[in-house]
Amino acid sequence: MNVDNTSAIDFKKEILRLKEEKNAIILAHYYQKGEIQDIADHIGDSLALAQIASTLDADIIVLCGVHFMGETAKILCPDKKVLVPDMAAGCSLADSCPADSFKEFVSQYPDHTVISYVNTSAAVKALTDIVVTSSNAMKIVESLPAEEKIIFGPDRNLGRYISSVTGRDMVIWDGACHVHEQFSLEKIVELKKKHPMAHVLVHPECKKSVQLLADCTGSTAALLDYAVNSDIKEFIVATESGILHQMRKSCPDKLFIPAPPEDSVCACNDCSFMKLNTMEKLYKCLLDESPEVTVDADVAEKAKLPILRMLEMSKK
Ligand code: 13P
Ligand code: SF4
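Reference entry: report on the structure contained in this document. Remember, it's a predicted structure, so these values are computed and weren't measured experimentally.

## Things to note about the pairing of strand β1 (residues 24-29)
For step 1, the next point in the chain: Burial analysis of β1 places six of its six residues in the buried class, which makes it a mostly covered element.
For step 2, the next point in the chain: Because side chains alternate across β1, one face comprises the buried residues A24, I26 and A28, and the other comprises I25, L27 and H29, equally buried.
For step 3, the next point in the chain: When β1 meets strand β2 (residues 42-44), the two strands line up parallel, connected through three bridges. Bridge pairing in β2 links A28 to I43.
For step 4, the next point in the chain: Viewed along the sheet, the connection from β1 through helix α2 (residues 34-39) into β2 turns out right-handed.

## Digging into the pattern of salt bridges
For step 1, the next point in the chain: One pass over the structure, following the stated rule, counts 17 salt bridges.
For step 2, the next point in the chain: Between K81 and E289 there is a salt bridge, and its shortest N-O distance comes to 2.8 Å. Of the two residues, K81 sits in strand β4 (residues 81-83) while E289 sits in the loop between α14 (279-288) and α15 (297-315), which places them 208 residues apart along the sequence.
For step 3, the next point in the chain: By relative accessible area, which is 26% here, K81 ends up partly exposed.
For step 4, the next point in the chain: Ionic pairing is found between K149 and D111, a salt bridge with its closest N-O pair at 2.8 Å. Taken together, the positions of K149 in the loop between α8 (137-143) and β7 (150-153) and D111 in the loop between α6 (99-107) and β5 (113-117) put the pair 38 residues apart, joining distant regions of the chain.
For step 5, the next point in the chain: Judged by its relative accessible area of 41%, K149 is partly exposed.
For step 6, the next point in the chain: Counted as one network, the salt bridges with shared partners bring together E14, R17 and E21.

## With respect to the packing of helix α12 (residues 220-229) against helix α13 (residues 243-250)
Angle between the axes and distance between the axes are the two parameters that describe a pair of packed helices.
For step 1, the next point in the chain: Orientation of α12 relative to α13, taken along the N-to-C sense of each, is 25°, at an axis distance of 10 Å. With respect to α13, the axis of α12 lies roughly parallel. The chirality of how α12 crosses α13 is right-handed. Within the contact between the two elements, α12 uses T220, L223, L224 and V228 and α13 uses I243, Q246, M247 and S250.
For step 2, the next point in the chain: A class-by-class count of the residues in the contact of α12 with α13 yields five nonpolar, three polar and no charged.

## A few points about the sheet that holds β5
For step 1, the next point in the chain: Read across the sheet, four strands follow the order β6-β5-β7-β8 without closing on themselves; strand pairing throughout is parallel. Strand pairing shows two members of the sheet lacking a second neighbour, β6 (130-132) and β8 (170-172), which therefore form its edges. Sheet twist, expressed as the mean angle between neighbouring strand axes with direction ignored, is 25°.
For step 2, the next point in the chain: In this sheet, β8 lies alongside β7 in parallel orientation, the contact comprising three bridges.

Thresholds applied
Residues numbered from 1 in each chain as written. Chains lettered and ligands numbered in written order. Predicted model: local features only at pLDDT ≥ 70, side-chain atom pairs only at ≥ 80, totals over all residues. Heavy atoms only, no water. Buried < 20%, exposed > 50% of the residue type's maximum accessible area, 1.4 Å probe, protein only. Helix = DSSP H or I, 4+ residues; strand = E, 2+ residues; numbered from the N terminus. Pairing = 2+ DSSP bridges. Right-handed = clockwise from strand over helix to strand, strands pointing away. Salt bridge = Lys/Arg side-chain N within 4 Å of Asp/Glu carboxyl O. Axes fitted to C-alpha atoms, helices over the stretch in contact; angles between N-to-C directions. Parallel < 35°, antiparallel > 145°, perpendicular 65-115°, else oblique. Left-handed = near helix turned anticlockwise from the far one by under 90°. Contact = heavy atoms within 4.5 Å. Nonpolar A, V, L, I, M, F, W, Y, C, P; charged D, E, K, R; others polar.

Structure below.
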């Protein structure tokens, strides 16, 4: 449908109306714009969004996040229509691991268990034994027998972090996220001088040098939990800026300072893909029921098993 004069539309009101009318559920990742997080039925990290998607009773799921999150929801709910407000919302980390190259890589280690981060295409998941997220990767790796040989992909920083904590020898794919890799050690150290009491919260996709400064290393949900439950009043946050919205909402009396990236004087640590989604695009996608996420049936069947394994292992 062609909507000519969008400036007159109250997007919030229309999104809520369409959602009701179409029995749709809006899921939003913590990296979405604040206004999208505020209108969502559920907000969460990648694990929570997959868990919620697997249990939903709705005709339409609008996944406000990036494409691989929409694919995961579609694989788990093949009978539902899964929409993402902007199909161009990709992921540099998922892109750093093309399925054909990963297949070639995996074939070099035939006796290894393949563990893939959820930030991958459905085609890579189809080559995987167990999918993990940053929330459960440690627990899942630790639950495997000590002698099990492991391939981990695609994030080298998360892989090395898990390997160093668990002591497990892993063959790691050399991929990275362009947002998390750019946090500057020097600038965080400078910030610490100005805020000596601040605790540093770091996503494991950050480089090791930045992880070494962390008081808490964890998924977006784990970092939020830490901030909420801590007596500390100031935090330097080394992950995508969208999480600051929930941190500030949950702890209005605490100070959250975005960690500066390497190449910028500002502190705008935005994932350009996540921020492609807007209220206007969310409204239009509900109105038009498009763009819709589709996954090849054969790929979806193969990718579902490692995702279900993850959901099962996360319950334990
Ligand atoms: P979480 O698993 O913490 O939600 O992270 C997803 C992501 O895209 C990190 O960049
Ligand atoms: Fe992908 Fe990085 Fe954006 Fe997360 S922050 S969606 S890993 S590009």
